[in-house]
Amino acid sequence: YECIEFANSETLPLGASIGDIDETLIKREQIRKTIEIHLDKELRLNPKGIKVLSLFFVDKVEKYRTVNGDMGLYAQIFEECYNELINKPKYAVLKQWYGDDAHIAHDGYFSQDKNKKGVYKDTRGDTAADHDTYATIMKDKEYLLSFECPLRFIWSHSALKEGWDNLSLIHI
């Protein structure tokens, strides 16, 4: 029985909380903080020729991308937070380097993408982000690691294959 015992003899069991907790607010802050840390790393590492990638693991695919290809809650939150942060003066050099299109900075690869090609993929057909996400993430790592590839934030539901163990990881 794990718990926290307070001076007034009240206990709080593991996993319980006092008061209301807005889970979406917690996820928003996790996403925002990951983006902020990522951008700070880019400021330090991009001038050295090192591209920064951040990987998010999600609990449910539909929270990132709906079955019909629309942005899920996490993708919407990502774009809101990214736009807020990239427009800060501190990140002006990154905005010049990458532009301010949040949509091309992130994408996801999920097992159902491979099984139901096109169903979960949101493409407009007119951007570099339309390069097949599976090919970019799983096969064409040289392109992914190049500054020509605008993808810098990757979303997945489960572990990717080998070679993905040295990234900034966040599980939401």
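Residues numbered from 1 in each chain as written. Predicted model: local features only at pLDDT ≥ 70, side-chain atom pairs only at ≥ 80, totals over all residues. Heavy atoms only, no water.

Asks: Looking at this structure, I do not really get the packing of helix α1 (residues 23–45) against helix α2 (residues 73–86). What am I missing?
Replies: Working note: a packed helix pair is described by the angle between its axes plus the distance between those axes. It is the contact of α1 with α2, at a shortest axis distance of 9 Å, that shows an interaxial angle of 45 degrees. Here α1 is positioned oblique relative to α2, judged by the angle of their axes. Like other packed secondary-structure pairs, α1 and α2 cross with a definite hand, here right-handed. Only L73, Y74, I77, F78, E80, C81, Y82, E84, L85 and I86 of α2 make contact with α1, whose side of the interface consists of T24, K27, R28, I31, R32, I35, E36 and L39. (Axes fitted to C-alpha atoms, helices over the stretch in contact; angles between N-to-C directions. Helix = DSSP H or I, 4+ residues; strand = E, 2+ residues; numbered from the N terminus. Parallel < 35°, antiparallel > 145°, perpendicular 65-115°, else oblique. Left-handed = near helix turned anticlockwise from the far one by under 90°. Contact = heavy atoms within 4.5 Å.)

Asks: I tried to follow the pairing of strand β3 (residues 54–57) on my own but got confused; where do I start?
Replies: Within a regular strand, the side chains alternate between the two sheet faces. Judged by which residues are buried, β3 turns out to be covered on both faces: S54 and F56 on one side and L55 and F57 on the other are all buried. Bridge count between β3 and strand β5 (residues 153–156): four bridges; the pairing is parallel. Residue pairing in the sheet places F57 in a bridge with S156 of β5. (Buried < 20%, exposed > 50% of the residue type's maximum accessible area, 1.4 Å probe, protein only. Pairing = 2+ DSSP bridges.)

Asks: Would you mind going over the pattern of salt bridges with me for this structure?
Replies: Oppositely charged side chains can form a pair if their charged atoms are brought close together. A complete count under the given rule lists nine salt bridges for this structure. The salt bridge involving D40 is made with K90; its shortest N-O contact spans 3.0 Å. Placement of D40 in helix α1 and of K90 in the loop between α2 and α3 (92–98) is noted, with a sequence separation of 50 residues between them. Of the charged contacts in the structure, one is a salt bridge between D100 and K95, with a shortest N-O distance of 4.0 Å. D100 sits in the partly exposed class, given a relative accessible area of 41%. Assessed through its relative accessible area of 30%, K95 is described here as partly exposed. The network of salt bridges with shared partners includes R32, K33, E36 and E84. (Salt bridge = Lys/Arg side-chain N within 4 Å of Asp/Glu carboxyl O.)

Asks: Is there a simple way to think about the environment of F6 in this case?
Replies: Residue placement: F6 occurs in the loop between β1 (3–5) and β2 (11–13). Among the residues examined, F6 registers a relative accessible area of 35% and is labelled partly exposed. Non-local contacts of F6, meaning those with residues more than four positions away in its chain, are made with L12 and I18.

Asks: For this particular structure, what's the right way to read the side chain of S156?
Replies: One can find S156 in strand β5. Take S156: its relative accessible area is 2%, and that puts it in the buried class. With residues up to four places along the chain from it excluded, the contact list for S156 reads L55, F56, F57, V58, Y109 and F110.

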